[in-house]
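# Per-entry structural report
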Amino acid sequence: MPLLNSYDIIFAGGGTAACIIAGRLAQADPSLKILIIEAGSHSLNLHHHVQPARYLNNLVQGHTFTHHNSVPSEALGGRSVCVPSGCCVGGGSAVNFMMYTRAPSSDYDDWEKLGNPGWGSGSLIPLAKKVETYQVPAGSPSVHGFTGPIKVSHGGRDTNIGKEFLETAAQYDKDRKTSPSADTNDFQTINVYGPWHKYIDSRTGKRSDTAHHFIYNLQNFNLEPSDSSNLHVLTNRRVVKVLFRNNCAIGVEYAAREDFNGKSPSQPPRIAYASRLVVISSGAFGSPAILERSGIGAARHVAEANVQQIVDLPGVGENYNDHNFCLSSYLASEDSDCLDGIFSGDEEAIKPHLKEWQEKGSGLLAHNSIDAGVKLRPTSEELEELGPSFRQVWKDVYVGAPDKPVAILCPIAGDLKNAGALTPSKLKTFGMAFYTTYPQAIGYSHITSGTNPWAPLRFDPRYLVDPADIAVLRWCYKRGRELARRMRSFRGEIPAAQPDFRPSPLISDVSIGTSQSVVNESTASVNPTASGPVPIDAPKIVYSKEDDRAIDDYIKATVGTTWHSLGTCAMKPRAAGGVVDSQLNVYGVENLKVADLSIVPLNVGANTNNTALVVGEKAFLLITEDLGISLESEQISKFGIRSLDI
């Protein structure tokens, strides 16, 4: 069956939030005709999506991602950074690290204080419960749900790397608590070392994403549009712009990548009409780009792309937020549970794990390499170590919000940066991954073409422009290194994945009346091989000013995205740079909403998938209210979605 000429609702993008909204709407009112236009491909039952441990190989190969390259940055030594975003049905939920990390409740309360009623923690925590089935024993019903579509578990194996991290932290860090049963994602807990759960179904060992649990499991859904389903998904197409009549959205233009292989489009964009609503849901990069190509944005940015402005909204594409990610890597003992072979994409290395995954839904293939972690806030002594550049940030962001972490630190059972390629392939590695939760970096993303939706964007995340962000990452590196070298599996540091701690320059030793030259060796020097860990009570490494500069240089050379882009269509008052109101309506037009992480007005102190789920659930309720769809007789927590054992 060909696509319809007109639908009731069109979604420009088929990512995490769009799948929730469209799937629930399709069940809430079967008379609705709904179209999702997604730039990427379907993800149904594809092994590189549903087998959790393959996520890194998928990222390295670039499958199902759009890559956004920033302008060169002086703060990064002239380096450009690449920020990938999910490009498939399910979006980030189908390709991310699957880390179950929830924002502190104060983050949502901060949104509400900006003038967004109904977006505080009291309204959003129930939606976070609604969307999940928490499969971890002893989960509290006050903060967790047990009947929702998205499954949360500890994954297919508890690795020795995660266990040793918790054991070491319990003995070494006396300023913080450690508990193997702690709930570190109850919207409040910080400074507790505990287990880190995953968006993995414990029954099947498969990734739990919104495509499989809101779209592909719909009754009568087909990959190709058909009469049997009221929801159609058109893949490998990108929305060019929204069409308006008297400032009311009436549809979209869309095109395929191959239409733009030459200097000019090979054919004009196709049109799909929407009689009731257009919802832009293309993420922090795609959503503002669609608005700007539609003539909604700052006059300068749309004019530079030869687009006629219809609404002056200077906030479009501004307020770009992310988290700043760094990693240090270490050699692990031969008996460690590491995912290096799986991460490499070596099918011979994957084979031994495949049978267990297929038959039991367990093992390292049902894993993401992250079993433990901590949401860090500094002690008073550590605040001094963070230095003067961080003091004002501490006062502005953290003092009044004791649930906000400064950073998140997790051990990785494998090497995310492929440092294994620098050493013999049979050696096992682990890493210490850390990121800033509320970096001061606020960037932008704007279009370079008014007609080609596949054209690169002009983008600057502004990483490390503020020295406070470097101070936090330096502090995290030191903490992670002290923990790593005390873990039982520690067998050395990988020099290429550590700062370059060089000896001080030659100096003259005049203390004995001579001009003999000596070398001042750094006590922070990298130890490339070790027979085992240092004792728990070993002295901390003492870092000189030169060593701190080496750490800073390493951070500047390696810092990257945490794949947590958000904020570019911010839900704020229009006068404050807002793009949408608290009902997600785009200012200045009608029948047009934005519903994805781009609407988030302030950063969240967590991996962003959980927030995307919450945004999707909230947007569904707002849209049903606008459309007059009654939900009174429905059990919203289970809402019409059948189980899909993929």
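Residues numbered from 1 in each chain as written. Predicted model: local features only at pLDDT ≥ 70, side-chain atom pairs only at ≥ 80, totals over all residues. Heavy atoms only, no water.

- Within an unreviewed UniProt entry, the label attached to the protein chain reads GMC oxidoreductase-domain-containing protein, and the organism entered is Lentinula lateritia.
- Checking UniProt for the protein chain, the heading Cofactor (unreviewed entry) contains the comment "FAD".
- You can read under Sequence similarities (unreviewed entry) in the UniProt record for the protein chain the words "Belongs to the GMC oxidoreductase family." (UniProt positions renumbered as here; feature names shortened; annotations may be inferred.)

## Looking at the packing of aromatic side chains
- For the structure on display, the rule yields 21 aromatic pairs.
- Taken together, a centroid distance of 5.4 Å and an interplanar angle of 25° make the contact between Tyr-330 and Phe-430 stacked. Highlighted residues: Tyr-330 in strand E15 (residues 324–332) and Phe-430 in strand E18 (residues 428–436), separated in sequence by 100 residues.
- Note on Phe-430: relative accessible area 0%, which makes it buried.
- Through a chain of ring-to-ring contacts, the aromatic side chains of Tyr-55, Phe-97, Phe-325, Phe-343 and Trp-563 assemble into a single cluster.
- Above the face of the Trp-119 ring, Lys-618 is positioned so that its terminal group lies 5.8 Å from the ring centre. (Phe/Tyr/Trp six-rings, centres within 6.5 Å; stacked < 30°, edge-to-face > 60°. Helix = DSSP H or I, 4+ residues; strand = E, 2+ residues; numbered from the N terminus. Buried < 20%, exposed > 50% of the residue type's maximum accessible area, 1.4 Å probe, protein only. Lys NZ or Arg CZ within 6 Å of the ring centre and 35° of its normal.)

## As for the pattern of salt bridges
- In the structure shown here, the tally under the stated rule is 28 salt bridges.
- Between Lys-404 and Asp-110 there is a salt bridge, with the nearest N and O atoms lying 3.0 Å from each other. Of this pair, Lys-404 sits in the loop between helix H13 (388–398) and strand E17 (407–412) while Asp-110 sits in helix H4 (residues 105–113), and the two are 294 residues apart along the sequence.
- Assessed through its relative accessible area of 3%, Lys-404 is described here as buried. (Salt bridge = Lys/Arg side-chain N within 4 Å of Asp/Glu carboxyl O.)

## Overview of the packing of helix H1 (residues 16–28) against helix H16 (residues 609–627)
- At a closest axis distance of 8 Å, the pairing of H1 and H16 adopts a crossing angle of 35°. The way H1 lies across H16 gives a crossing that is right-handed. Contact residues: Thr-16, Ala-17, Ile-20, Ile-21, Arg-24, Leu-25 and Ala-28 in H1; Asn-609, Ala-612, Leu-613, Gly-616, Glu-617, Ala-619, Phe-620, Ile-623 and Thr-624 in H16. (Axes fitted to C-alpha atoms, helices over the stretch in contact; angles between N-to-C directions. Left-handed = near helix turned anticlockwise from the far one by under 90°. Contact = heavy atoms within 4.5 Å.)

## Quick look at the side chain of Asn-607
- Structurally, Asn-607 is set in the loop between strand E25 (592–594) and H16.
- You can call Asn-607 buried: its relative accessible area is 8%.
- A distance of 2.8 Å separates polar atoms of two side chains, one belonging to Asn-607 and the other to Tyr-435.
- Other than its neighbours up to four places away in sequence, Asn-607 contacts Met-99, Thr-101, Tyr-435 and His-564. (Polar contact = N/O pair within 3.5 Å; in protein donor to acceptor, adjacent residues only side chain to side chain.)

## Focus: helix H8 (residues 283–293)
- Most of H8 sits inside the fold, with nine of its 11 residues counted as buried.
- Gly-295 sits one or two positions beyond H8 and adopts a positive phi of about 90°.

## Things to note about the environment of Thr-429
- Tracing the chain through its elements places Thr-429 in strand E18.
- Sequence-distant contacts of Thr-429, defined by excluding residues within four places in its chain, comprise Tyr-330, Leu-331, Ala-332, Cys-338, Asp-340, Ala-413, Gly-414, Asp-415 and Ile-494.

## Digging into the nonpolar core
- Phe-390, Leu-416, Phe-430 and Met-432 are the most contacted members of the largest nonpolar core, which has 101 residues in total.
- Broken down by element, this core gets its largest block of residues, 10 residues, from helix H14 (residues 467–484).
- Counting 80 residues, the second largest nonpolar core, distinct from the first, contains Val-143, Leu-291, Val-580 and Ala-606. (Core = buried A, V, L, I, M, F, W, Y, C linked by side-chain atoms within 4.5 Å.)

## Some remarks on the confidence of the model for the protein chain
- Model confidence for the protein chain is summarised by a mean pLDDT of 92, while 92% of its residues fall at 70 or above.
- Contacts for the low-pLDDT stretch residues 419–424, under 50 throughout, to residues beyond four places or in other chains number six contacts.
- Ignoring residues within four places in sequence, the model shows residues 633–646, a span with pLDDT below 50, making 37 contacts including any to other chains. (pLDDT = per-residue confidence, 0-100.)

## What to know about the pairing of strand E8 (residues 192–195)
- Taken together, the two bridges between strand E7 (residues 177–178) and E8 define a ladder with parallel strand orientation. Paired with Thr-178 across the bridge in E8 is Tyr-193.
- Alignment of E8 against strand E16 (residues 372–376), held across two bridges, turns out to be antiparallel. Bridge assignment links Pro-195 to a residue of E16, and that residue is Ala-372. (Pairing = 2+ DSSP bridges.)

## Details of the UniProt feature "domain: Glucose-methanol-choline oxidoreductase N-terminal" (unreviewed entry) in the protein chain
- As recorded in UniProt, the feature "domain: Glucose-methanol-choline oxidoreductase N-terminal" (unreviewed entry) lies at residues 86–109 and 283–297.
- Taken end to end, residues 86–109 is 21% helix and 4% strand, and its two terminal C-alpha atoms sit 28 Å from one another.
- The annotated region residues 283–297 carries 73% helix and 13% strand content, and the separation between its end C-alpha atoms amounts to 16 Å.

## What about helix H15 (residues 545–558)?
- In this model, H15 (14 residues) spans 20 Å end to end at C-alpha, consistent with the 20 Å of a helix rising 1.5 Å per residue.
- Of the residues making up H15, those classed as buried are Asp-547, Ala-550, Ile-551, Asp-552, Tyr-554 and Ile-555.
- Of the surrounding secondary structure, the elements contacted by the buried residues of H15 are E15 and H14. (Expected span 1.5 Å × (residues − 1).)

## Details of the side chain of Asp-469
- Relative to the assigned elements, Asp-469 resides in helix H14.
- The charged side chain of Asp-469 is buried without a salt bridge, its nearest counter-charge being Arg-462 at 8.4 Å.
- At a separation of 3.4 Å, a polar atom in the side chain of Asp-469 contacts the main-chain amide nitrogen of Ala-441.
- Setting aside its immediate chain neighbours within four residues, Asp-469 contacts Asn-324, Thr-436, Pro-439, Gln-440, Ala-441 and Leu-464. (Lys, Arg positive; Asp, Glu negative; His and termini not counted.)

## Regarding the environment of Arg-574
- Mapped onto the fold, Arg-574 is located in the loop between strand E24 (560–561) and E25.
- A relative accessible area of 41% places Arg-574 in the partly exposed class.
- Spatially, the C-alpha atom of Arg-574 lies 28 Å from that of Val-399, the residues being 175 residues apart in sequence.
- In contact with Arg-574, other than residues within four places in its own chain, are Val-311, Asp-312, Leu-313, Tyr-587 and Gly-588.
- Within polar-contact distance, the side chain of Arg-574 engages the backbone oxygen of Asp-312 at 3.3 Å.

## What to know about the pairing of E15
- Of all the nine residues making up E15, nine are buried; the element is thus mostly covered by neighbouring parts of the structure.
- Residue alternation in E15 divides its side chains into two sets, Asn-324, Cys-326, Ser-328, Tyr-330 and Ala-332 and Phe-325, Leu-327, Ser-329 and Leu-331, and both sets are buried.
- By the bridge criterion, eight bridges tie E15 to E18 in an arrangement that is antiparallel. Bridging from a neighbouring strand, Tyr-330 pairs with Phe-430 of E18.
- The pairing of E15 with strand E21 (residues 490–493) spans two bridges and is antiparallel. Residue pairing across strands places Ala-332 opposite Phe-490, the latter belonging to E21.

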